[in-house]
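One-letter residues, chain by chain:
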Amino acid sequence: MGYVSIPAGVLRGRRRFKLKSSCPRKHMVRCEVHREHREKYGIPTPVEGEPLRLDDLRENLVRQEETIIFAIVERAQFAMNDAVYDSEKLPVPGFDGCFSQYLLYELEKVYASVRRYKSPDEHPFCTNLPSPTMPGVLEYPNTIIPNSVNINDKIWDSYTETILPQICEPGDDGNYGSSCTCDVACLQAISKRIHYGKFIAESKFLEAPDIYSKHIRNEDRQAIWNELSNFKVEELLLKRVFNKASAYVQDITDDGALETYKIQPEALVRIYKDLIIPMTKEVEVDYLMVRI
């Protein structure tokens, strides 16, 4: 069996532990080599001399589905708690915004200080964030071109106006801090998935640069949208989301699974179909419009 060592000092008492691995070391090395070529600092990185392909993104996109589902399930355990989205009902002294925005801003300040938003797959919701205080600069791969595409304002509006009413019971249960903490997790997971459209757009552009370049020069956003759309893939994605949601949000007791759900799987499918997929394509189009 292979082993994974945790360096001394990582855990309290500076003890070293060994965790048994289920795969032989030779397989672990092969996986590490593959990951080294395909991903750096979490950013998709094609093998030198090869273009970015959708296959390079698929595993990450699938993992993000699960992150979003679990984050939404966590938020759904609390009531709507409208007060946290109304600065008049729950004002925060010295802050121009609602309580949920305040918590998001304070957390993003910490994330900014440790360089989170220097990564090309991370996008802040807030402005006026501090510069990083961590020393050194991470050299991220140039998988996509530098750009300023960020639609988090729309994501915030869609989340508070459309997603929350679908997943939360109406009313006020007083769990304001817990609700807003879950909001941050949901917003960041959804934002990351939607802005991952930049990588999707880059891979599709490299597959057909002449076609996309023509539409870009003509500033034909609808033609770009149509070229990006693959309804067969979208149907498969929605089916996968439904299957995952059906498994992950089902109520389970000691006697097994019940025929009830924390959230109806159809609600998660609607969130993907009506919001996440269209907004991802919006990011793809915005990115491609500045691609050449």
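You'll find the structure just up there.
Please read all numbers here as calculations on a predicted model, not as lab measurements.

Of the voids in this model, the largest pocket is the one considered here, and its volume is about 510 Å³. Lining the largest pocket are 21 residues, and of these Leu-61, Arg-193, Ile-200, Val-233 and Leu-237 lie nearest its centre. Residue assignment for the lining of the largest pocket shows that the elements contributing at least two residues are helix 2 (55-76), helix 6 (197-207), helix 9 (231-248) and helix 10 (265-289). Classifying every residue of the lining of the largest pocket by side-chain character gives 10 nonpolar, three polar and eight charged.

Let's shift gears to the pattern of salt bridges. Side-chain pairs of opposite charge can arise where the charged atoms are in close proximity. One pass over the structure, following the stated rule, counts 15 salt bridges. Lys-192 is the partner of Glu-122 in a salt bridge, and the nearest nitrogen-oxygen pair spans 3.6 Å. Of this pair, Glu-122 sits in the loop between helix 3 (99-113) and helix 4 (152-167) while Lys-192 sits in helix 5 (residues 176-195), placing them 70 residues apart in sequence. A salt bridge links Lys-154 to Glu-282; the shortest N-O distance between them is 2.4 Å. Residue Lys-154 is found in helix 4, and its partner Glu-282 is found in helix 10; the two are separated by 128 residues along the sequence. The class of Lys-154 is partly exposed, set by a relative accessible area of 44%. Judged by its relative accessible area of 18%, Glu-282 is buried. Among the charged side chains, a network of salt bridges with common partners joins Glu-65, Glu-66, Arg-240 and Lys-244.

The next thing to look at is empty space enclosed by the protein. Under the definition given, this model contains one cavity of 30 Å³ or more. Of the volumes computed, that of the largest cavity is approximately 60 Å³. In terms of lining, the largest cavity is formed by Glu-108, Arg-116, Tyr-117, Asp-121, Glu-122, His-123, Phe-125, Gln-188, Ser-191 and Lys-192. Top element by residues in the lining of the largest cavity is helix 5. It accounts for three residues. Of the residues that constitute the lining of the largest cavity, the class distribution is two nonpolar, three polar and five charged.

Assignment of secondary structure puts Pro-135 in the loop between helix 3 and helix 4. In this structure Pro-135 comes out as exposed when scored by relative accessible area, which is 68%. It is 9.0 Å that separates the C-alpha atoms of Pro-135 and Val-114, two residues lying 21 residues apart in sequence.

Along the chain, the position of Lys-239 falls in helix 9. Taking the relative accessible area as the measure of exposure, Lys-239 reaches 56% and is therefore exposed. Along the primary structure Lys-239 and Val-269 are separated by 30 residues, whereas in three dimensions their C-alpha atoms are 8.1 Å apart.

Checked against the element boundaries, Ser-179 lands in helix 5. With a relative accessible area of 0%, Ser-179 lands in the buried category. When residues no more than four places from it in sequence are discounted, the contact partners of Ser-179 are Arg-75, Phe-78, Ala-79 and Asn-81.

Turning our attention to the nonpolar core. Membership of the largest hydrophobic core comes to 46 residues, with the highest contact counts inside it found for Ile-72, Ile-155, Ile-167, Ile-190, Ile-194, Leu-268 and Tyr-272. At the level of secondary structure, the elements contributing two or more residues to this core comprise helix 2, helix 3, helix 4, helix 5, helix 9 and helix 10. It is helix 10 that provides the largest number of residues to this core, a total of 10 residues. With sequence-adjacent residues up to four places away left out, Ile-167 is seen in contact with Ile-72, Arg-75, Ala-76, Ile-263 and Ile-271. Judged by nonpolar contacts, the second largest core, of 19 residues, contains Ala-201, Ala-208, Ile-216 and Ile-224.

Calculation criteria
- Each chain has its residues counted from 1, running along the sequence as written.
- Only residues with pLDDT of 70 or above have their local features reported here, since the model is predicted, and side-chain atom pairs are shown and tallied only from 80 upward, although totals for entire chains, interfaces and linings are computed over all residues.
- To get the side-chain values, all heavy atoms of the structure are used, and hydrogens and water are removed first.
- Using a grid of 1 Å spacing that covers the protein atoms alone, one calls a set of points a cavity when a 1.4 Å probe fits there but cannot get out, and a pocket when the set is open and has protein on both sides within 12 Å along at least five of seven lines; lining residues are those with an atom within 4 Å of a point.
- Grid points are joined across faces, edges and corners, and a volume is the space filled by probe spheres set on the points.
- Under the DSSP-based scheme used, a helix requires at least four consecutive residues in state H or I and a strand at least two consecutive residues in state E, with every element numbered from the N terminus.
- The classification used treats Ala, Val, Leu, Ile, Met, Phe, Trp, Tyr, Cys and Pro as nonpolar, Asp, Glu, Lys and Arg as charged, and all other residues, Gly among them, as polar.
- We count a salt bridge whenever a side-chain nitrogen from Lys or Arg sits within 4 Å of a carboxyl oxygen from Asp or Glu.
- Only protein chains enter the area calculation, which uses a 1.4 Å probe; residues under 20% of their type maximum are buried, those over 50% are exposed, and those in between are partly exposed.
- Contact criterion: two residues are considered in contact whenever any of their non-hydrogen atoms come within 4.5 Å of each other.
- Grouping buried Ala, Val, Leu, Ile, Met, Phe, Trp, Tyr and Cys residues that are joined through side-chain atoms within 4.5 Å yields what is termed a nonpolar core.

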